Protein chains: 4
Amino acid sequence: MSNVWGRNIKLSIFGESHGPAVGLVFGGLEAGMVIDRDRIRFEMARRAPGRDDISTPRAESDGWEVLSGVLDGRTTGAPLCVVIRNENVRSGDYTPHLLRPGHADLTALIKYGEHADHRGGGHFSGRLTAPLVFAGAIAKQVLERRGIKIGARIAQIYDVIDAPIDTDEIFAISRKPFPVADDAAGERMRQAILAAKADGDSLGGVIECAAAGVPAGWGDPFFDSLESAMSSLIFSIPAVKGIEFGDGFGLASMRGSEANDPLFMREAVAPGETYAERAAKVGVTTNRNGGINGGISNGNPITLRVAIKPTPTIGREQTTVDLERGETVTARFGGRHDPCIVPRAVPVVEAALALCLLDHATACSERS
Amino acid sequence: MSNVWGRNIKLSIFGESHGPAVGLVFGGLEAGMVIDRDRIRFEMARRAPGRDDISTPRAESDGWEVLSGVLDGRTTGAPLCVVIRNENVRSGDYTPHLLRPGHADLTALIKYGEHADHRGGGHFSGRLTAPLVFAGAIAKQVLERRGIKIGARIAQIYDVIDAPIDTDEIFAISRKPFPVADDAAGERMRQAILAAKADGDSLGGVIECAAAGVPAGWGDPFFDSLESAMSSLIFSIPAVKGIEFGDGFGLASMRGSEANDPLFMREAVAPGETYAERAAKVGVTTNRNGGINGGISNGNPITLRVAIKPTPTIGREQTTVDLERGETVTARFGGRHDPCIVPRAVPVVEAALALCLLDHATACSERS
Amino acid sequence: MSNVWGRNIKLSIFGESHGPAVGLVFGGLEAGMVIDRDRIRFEMARRAPGRDDISTPRAESDGWEVLSGVLDGRTTGAPLCVVIRNENVRSGDYTPHLLRPGHADLTALIKYGEHADHRGGGHFSGRLTAPLVFAGAIAKQVLERRGIKIGARIAQIYDVIDAPIDTDEIFAISRKPFPVADDAAGERMRQAILAAKADGDSLGGVIECAAAGVPAGWGDPFFDSLESAMSSLIFSIPAVKGIEFGDGFGLASMRGSEANDPLFMREAVAPGETYAERAAKVGVTTNRNGGINGGISNGNPITLRVAIKPTPTIGREQTTVDLERGETVTARFGGRHDPCIVPRAVPVVEAALALCLLDHATACSERS
Amino acid sequence: MSNVWGRNIKLSIFGESHGPAVGLVFGGLEAGMVIDRDRIRFEMARRAPGRDDISTPRAESDGWEVLSGVLDGRTTGAPLCVVIRNENVRSGDYTPHLLRPGHADLTALIKYGEHADHRGGGHFSGRLTAPLVFAGAIAKQVLERRGIKIGARIAQIYDVIDAPIDTDEIFAISRKPFPVADDAAGERMRQAILAAKADGDSLGGVIECAAAGVPAGWGDPFFDSLESAMSSLIFSIPAVKGIEFGDGFGLASMRGSEANDPLFMREAVAPGETYAERAAKVGVTTNRNGGINGGISNGNPITLRVAIKPTPTIGREQTTVDLERGETVTARFGGRHDPCIVPRAVPVVEAALALCLLDHATACSERS
């Protein structure tokens, strides 16, 4: 069980879907930073359930209490503890003897035994992404002051694909209530979700995410490539099953002459400069490598795409096991759930990317 | 710079493409294990360059010297240090003022300055995968004694796709000199590589990898999912730009009713068993989730696919910068290189998966 | 700022002396463990302030709320979050412009700047040892089920030294309200504390701690010796300035022939046993090395002694700086404090030792 | 087995006393640093055996080979691998069935079984401090360029105590062949060692170590106090059994009014300065806390003392076990060894302190 993440920041999360609360302890934040509560509220609302007909009817106000690390509205340098109470808990919906296919019910039972908290997925629940988004909202504030911005959009839901965009459009799209470039495609996505919901079914999709303003030189060979750090955190998000950077799997069917991003001198050089000084003036004309070469940022936007599987909880009849009877059975599962988690996962992927970049940006606290 | 990997095992690698040697220090191995030198030789040969017309003509015997951790042919429990000397070094091929597009030349220069070892990619070179394969060969020996086997195949090179297979076929295919299911497809891949080589160009591809026999229950929420651990290590391999588990990106265009792997009782249950005991008798009829639910192994084979970009070094003319002149120029790059790294990367991906599983399998050494 | 500790367990602590709460998030606990609330209450009471005339008059009920990780009185395997509210907060006692000598006031100000929470030492306060004792109480429960018991006593306060004991007496002494072997010496210690209190002064001391039942074979060369792990955690406790294992500094003035613990066969050997099997039957006749050789437990009790400096807060006039006036001044400091922290530190040292042993005892959760 | 140390630097060590070599892999060094080979040679010579009549007659030239990480005499930013061959190996001296009291022979056998390398202590040997001193010599070079200097002296051998000194004298004393302040005391120490040697016995002692120039603000609450970090690494050195910072155990018998280091304004303040700016101008008049408050450096010299136990290998008859016969026996042990390891341990303690400070000084490599 590792509930702690980060090399320079230390993020612990805790809680279960149907316990008293979820929350986080966030160590390694710089002292003196003003906490923008509106910004946190905005990000939490993007992830919050119960907003419309395509998300779960479980409504949570996601109000929070800060227990430590803040004094007079500013961080103190001590760890920040935030508690987000669970309000709308209906444990009666869950039946521990009927394992839900595609969920962690089986693996949690094998790993933790009878005493795992099975209610609503327990600690495996998507509810745990609420503290992640909270922490990400703080991370974004720090990064924005350093000129780094992060955005994401829905690139695909089921068979509906959003229009292609330039990377710098993603930051505005990201703030839309339904973050797609082509609203007509967005409407088709919503219809697909409603159709799946009507069938008691669910849909998967793809989220595209980008970060602009990341300085060249972040990431470390051999084992701490930026791709390693980012993929590791993003695969913690429930339902993520794939990730690709830049053109990703598309690079597999390219030739090197297509895949290599050509270099050019962005600025005039001066006599006597070192190669390293001149290297800081080099740009790339395409970004097929997603802003990363040799595991290290090259100064271009970092781009990545994440595959989200369909919500495992569906209302349709499924083949599964009844542990009480010890038999293979067919069953329908109730419980409130999202027919498609992709829209609510957009701010979660952004939060993970923000946390990963903050971890790189954070000076080990010994140095000033 | 993090050259160390692992939570329970501790693998350090070192070396540069054109320095005296590459090598590894491998801590956390159990004591008393017989080192199978033939097995190591077999795995090293699978990765070795210079074997045929589709790989780099740089020949390396990849002979090695064990400096510590072994006594009378068995591990002692102390860290194993292995040195693999570089023999066929021709540094004269490299021109530090001309940055190679798609390589780490630019980012290494920005990160480490003038004193980085640029020769042949230095520490960023694919040559560093030799110690990884060495360590992986040892990891496979430990895992095989525990009933875990690992295999990989070339699933795609450029536009040629290998035939679909059942997961359990992959272990035999893996040992073929050119590891594909359909040898005719394999021949088309080779022709595509030779055609690219003739054009002074290179090709990318996809590697599929699987592990059978992994017990249910490995992996940890929230931040140490198996996907997190595996993707992190696999993205350390140079040229990897994407990874997906199970049906991965394919799940994005599925409904939940297709994506959920149905459960069934594999064995009869006995009266009085706990749910946890019965859970150990549950199987899945499909494996779209790649053997992992909620970040934890479910006992089914773990399956994953890795996107490999085309070798960045190509002989064709490219647009790049000349740091000496401070200008954008066109240039051709010599140096020996593989027109397609995918075949030699197959044992490297296997090695990374083996190391990741060994790290999970390894008891913290305090307990017996 | 690292507020997280442990390799196999993951303990995060948070809070400030005068904030809303202190608390902990405790990951890596096994599932299904019954939480003994009386045991926790007993340990918390040992550390609690305000019990008598030799501790601070700041009374805290140290009531707590469990927010996660427990269901029906048992651990679920998910991280345990516990919040301990601060009740008796009187921030008005503190004057940030007057630095208290011997405290972290100066270093916290340099490290975190104006926005550090200076009130009562903030995150540096001894109040943070309350979550440590809570976590230690749980750790002790796990260890006791494995046959490991932990005890500590006051070995010295100022110039009063407790009587020498056999190690196995320490476990009973540990439970006494004033844990010394010789109650007459204890009474002299109390008188010394009261005398110092009357002078507006404070006293230091030495705590002796032992763990019996630790299996041989815990600890790892080269960098994870048991002494390394234990000292690292124990030096996190405020006011600790020295640690020694076994005869510690006393070994410096011995000859090898005195310092080496003689070995003997505890049991008869059987024909055909390996050396390793016979090694399990070897005992030592003395314990000058404190149960540890080569950084690894040898099966004997682990013994250590910890030097605690006098409470830095004293009522007597001291030379210090007034940052408002920018001058060296003399000042007296109010605020409630302990004239000698040693008695309340006894359960804290035990807790640290328990946590360290639990971290070694805890199976990496992947294995069963 | 953890053979890797460091948060920002990554030091791996390997080797056994009687294997082919010992060595290190040192990641996280800045690029472009000139390696001063004379300085390394000087430090290695201070630790080297066989120099005179009070150390082991096992002579080792301690020549080394750099396999990676250096190009044209400067670090490249890639990990440095150094191999130090073992030359003077006489394994015949060792008898695995006779356990040496006070050594790791018993615990290594229990932990690693029959296959541990018992020859000369194997991986537990003091020979492993050679790579530590090598790494420390590099660390000192980096630190000295930042104005940090490190020194140590022999404070005590057996019952002979060196004269008291001011901390700033230690740096010159440190470079003496026999590093004591009072050469007459040094001569008595040498005589005591020779007397013990003549008896086939050995002696322990105390090493005092200091670092000057460490900036205020290094170290992190709650779990990464400077004392935690330093003690953890120093207890990795074989034979260390105690450590104290500042007045350490002496503080236990003080009153707070004696133990608190008084503060004063070192410089005049200017109007409008913040408290934090003024804090940088505060000094202490004594250094009883050893330069550390609240786990954080206060700008004063860091001072610590380390207890070294007598060399366990002695020629006198001892009670031990014969595992072959399965009996308690008396035995004398041959093998070459130091009658007192303290003089040779002086540079090792310095090296550990230097590495610990370098780890704090090292910027996480992502930031420039």
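What counts, and at which threshold
Residues numbered from 1 in each chain as written. Chains lettered and ligands numbered in written order. Predicted model: local features only at pLDDT ≥ 70, side-chain atom pairs only at ≥ 80, totals over all residues. Heavy atoms only, no water. pLDDT = per-residue confidence, 0-100. Contact = heavy atoms within 4.5 Å. Buried area = accessible area lost by both parts, 1.4 Å probe. Salt bridge = Lys/Arg side-chain N within 4 Å of Asp/Glu carboxyl O. Polar contact = N/O pair within 3.5 Å; in protein donor to acceptor, adjacent residues only side chain to side chain. Helix = DSSP H or I, 4+ residues; strand = E, 2+ residues; numbered from the N terminus. Pairing = 2+ DSSP bridges. Axes fitted to C-alpha atoms, helices over the stretch in contact; angles between N-to-C directions. Phe/Tyr/Trp six-rings, centres within 6.5 Å; stacked < 30°, edge-to-face > 60°. Buried < 20%, exposed > 50% of the residue type's maximum accessible area, 1.4 Å probe, protein only. Parallel < 35°, antiparallel > 145°, perpendicular 65-115°, else oblique. Left-handed = near helix turned anticlockwise from the far one by under 90°. Nonpolar A, V, L, I, M, F, W, Y, C, P; charged D, E, K, R; others polar. Core = buried A, V, L, I, M, F, W, Y, C linked by side-chain atoms within 4.5 Å. Least-squares fit on C-alpha atoms with pLDDT ≥ 70 in both.

Observations regarding the confidence of the model for chain A
Residues and elements named next belong to chain A. Predicted confidence across chain A gives a mean pLDDT of 92, with 94% of residues reaching 70 or more. Between residues 364–368, whose pLDDT stays under 50, and residues either more than four places distant or in other chains, the model counts 21 contacts. Among the prediction metrics, the complex's ipTM stands at 0.96, with pTM recorded as 0.96.

Regarding the interface of chain C and chain D
On the chain D side, the residues contacting the 113 residues of chain C number 113 residues. Interface of chain C and chain D: buried area, both sides summed, is about 9,000 Å²; carbon and sulfur atoms make up 62% of it. Viewed at the interface, chain D and chain C are joined by eight salt bridges. In this structure, glutamate 227 of chain D and lysine 241 of chain C form a salt bridge, with 3.0 Å as the shortest nitrogen-oxygen distance. In this structure, the connection of chain C to chain D is made through 66 residue pairs in polar contact (both at pLDDT 80 or more).

Looking at the side chain of glutamate 273 of chain C
All names here are of chain C. Inspection of the secondary structure assignment puts glutamate 273 in the loop between strand E12 (263–265) and helix H8 (275–279). Engagement of the side chain of glutamate 273 in a polar contact is seen with the backbone nitrogen of alanine 270, the distance being 3.0 Å. Glutamate 273 has contacts with Arg278 and Lys281, leaving out every residue within four places of it along the chain.

Regarding the interface of chain A and chain C
Taken residue by residue, the interface counts 41 residues in chain A and 41 residues in chain C. In total, chain A and chain C occlude about 3,200 Å² of area from one another, counting both sides; carbon and sulfur atoms represent 62% of this. Put simply, chain A and chain C have two salt bridges between them. Between arginine 85 of chain C and glutamate 65 of chain A there is a salt bridge, with its nearest N and O atoms 2.9 Å apart.

Regarding the sheet that holds strand E1 (residues 4–5) of chain C
Residues and elements named next belong to chain C. With respect to topology, five strands assemble into an open sheet ordered E1-E2-E3-E7-E4, the strand pairing being antiparallel. Strand pairing shows two members of the sheet lacking a second neighbour, E1 and strand E4 (64–68), which therefore form its edges. Both strand E3 (residues 21–27) and strand E7 (residues 80–85) contribute to a ladder of six bridges, which runs antiparallel. Following the sheet pairing, leucine 24 is matched in E7 by valine 82. Taken strand by strand, helix H1 (residues 37–47) contacts E4 and E7, and its axis lies near 130° from that of E4. Helix-sheet contacts for helix H3 (residues 129–145) involve strand E2 (10–15), E3, E4 and E7, and the interaxial angle to E3 is about 35°.

Structural notes on the packing of aromatic side chains
A complete count under the given rule lists 18 aromatic pairs over all chains for this structure. When the centroid spacing of 5.9 Å and the interplanar angle of 65° are considered together, the rings of phenylalanine 249 of chain A and phenylalanine 249 of chain B count as edge-to-face. On the criterion of chain membership, the pair formed by phenylalanine 249 of chain A in the loop between strand E11 (240–245) and helix H7 (256–259) and phenylalanine 249 of chain B in the loop between strand E11 (240–245) and helix H7 (256–259) is interchain, its members lying in two chains. In terms of burial, phenylalanine 249 of chain A and phenylalanine 249 of chain B fall into one category: buried. Seen in terms of ring centroids, tyrosine 112 of chain C and phenylalanine 124 of chain C are 6.4 Å apart; in terms of plane orientation they differ by 55°. Their pairing is tilted. Of this pair, tyrosine 112 of chain C sits in helix H2 (residues 105–112) while phenylalanine 124 of chain C sits in the loop between H2 and H3, and the two are twelve residues apart along the sequence.

Considering the packing of helix H1 (residues 37–47) of chain D against helix H3 (residues 129–145) of chain D
Residues and elements named next belong to chain D. Contact geometry of H1 with H3 gives a least axis separation of 9 Å together with a crossing angle of 140°. With respect to H3, the element H1 is oriented oblique. The hand of the H1/H3 crossing is right-handed. Judged by residue contacts, Arg39, Ile40, Glu43, Met44, Arg46 and Arg47 of H1 engage Thr129, Ala130, Val133, Phe134, Ala137, Ile138, Lys140, Gln141 and Glu144 from H3. Class assignment for the residues of the contact of H1 with H3 results in seven nonpolar, two polar and six charged.

With respect to the nonpolar core
Generally speaking, nonpolar side chains in soluble globular proteins are found buried as a group. Residues Phe26, Leu355 and Leu357 of chain C together with Phe26, Leu355 and Leu357 of chain D are the most contacted members of the largest nonpolar core, which totals 157 residues. Not counting residues up to four positions away in its chain, the partners in contact with leucine 357 of chain D are Leu143, Ile148, Ile150, Ala211, Val214, Trp218 and Met230 of chain D. Core analysis: the second largest hydrophobic core is formed by 156 residues, Ile292 of chain A together with Val160, Met230 and Ala352 of chain B among them.

Digging into the relation of the copies chain A and chain C
Rotating chain A by 180° about the axis while translating it 0.0 Å along that axis superimposes it on chain C, leaving an RMSD of 0.0 Å. Such a combination of turn and shift is consistent with a two-fold rotation axis. Rotation axis and chain A: the residue whose C-alpha lies nearest the axis is serine 12 of chain A, separated from it by 3.6 Å. Counting the interface residues of chain A, we find that 100% of their copies in chain C are interface residues as well, pointing to one common contact surface.

Some words on the pattern of salt bridges
Residues and elements named next belong to chain C. Counted under the stated rule, the structure contains 108 salt bridges over all chains. Among the salt bridges present, the one from glutamate 208 reaches arginine 153, with a minimum N-O distance of 3.1 Å. With a gap of 55 residues between them, glutamate 208 in strand E10 (residues 205–212) and arginine 153 in strand E8 (residues 149–157) connect regions that are remote in the sequence. Like glutamate 208, the residue arginine 153 is buried in the burial classification.

Some thoughts on the side chain of serine 297 of chain C
Secondary-structure assignment places serine 297 of chain C in strand E15 (residues 296–297). Only 2.6 Å separates the side chain of serine 297 of chain C from the backbone oxygen of proline 215 of chain C, close enough to count as a polar contact. In this structure, serine 297 of chain C is in contact with Val214, Pro215, Ala216, Gly217, Trp218, Leu226, Gly291, Ile292 and Ile302 of chain C together with Thr107 of chain D, ignoring residues within four places of it in sequence.

Remarks on the pairing of strand E16 (residues 302–308) of chain C
Residue and element names in this part refer to chain C. Most of E16 is tucked away, with six of its seven residues classed as buried. Pairing between E10 and E16: seven bridges, direction antiparallel. Residue pairing in the sheet places isoleucine 207 in a bridge with valine 306 of E16. In this sheet, E16 lies alongside strand E11 (residues 240–245) in antiparallel orientation, the contact comprising five bridges. Paired with isoleucine 243 across the two strands is valine 306, which belongs to E16.

Observations concerning the relation of the copies chain C and chain D
Once chain C has been moved 0.0 Å along the axis and rotated by 180°, it coincides with chain D to within an RMSD of 0.0 Å. Of all interface residues in chain C, 100% are interface residues in chain D too; the two copies therefore contact each other through one and the same surface.

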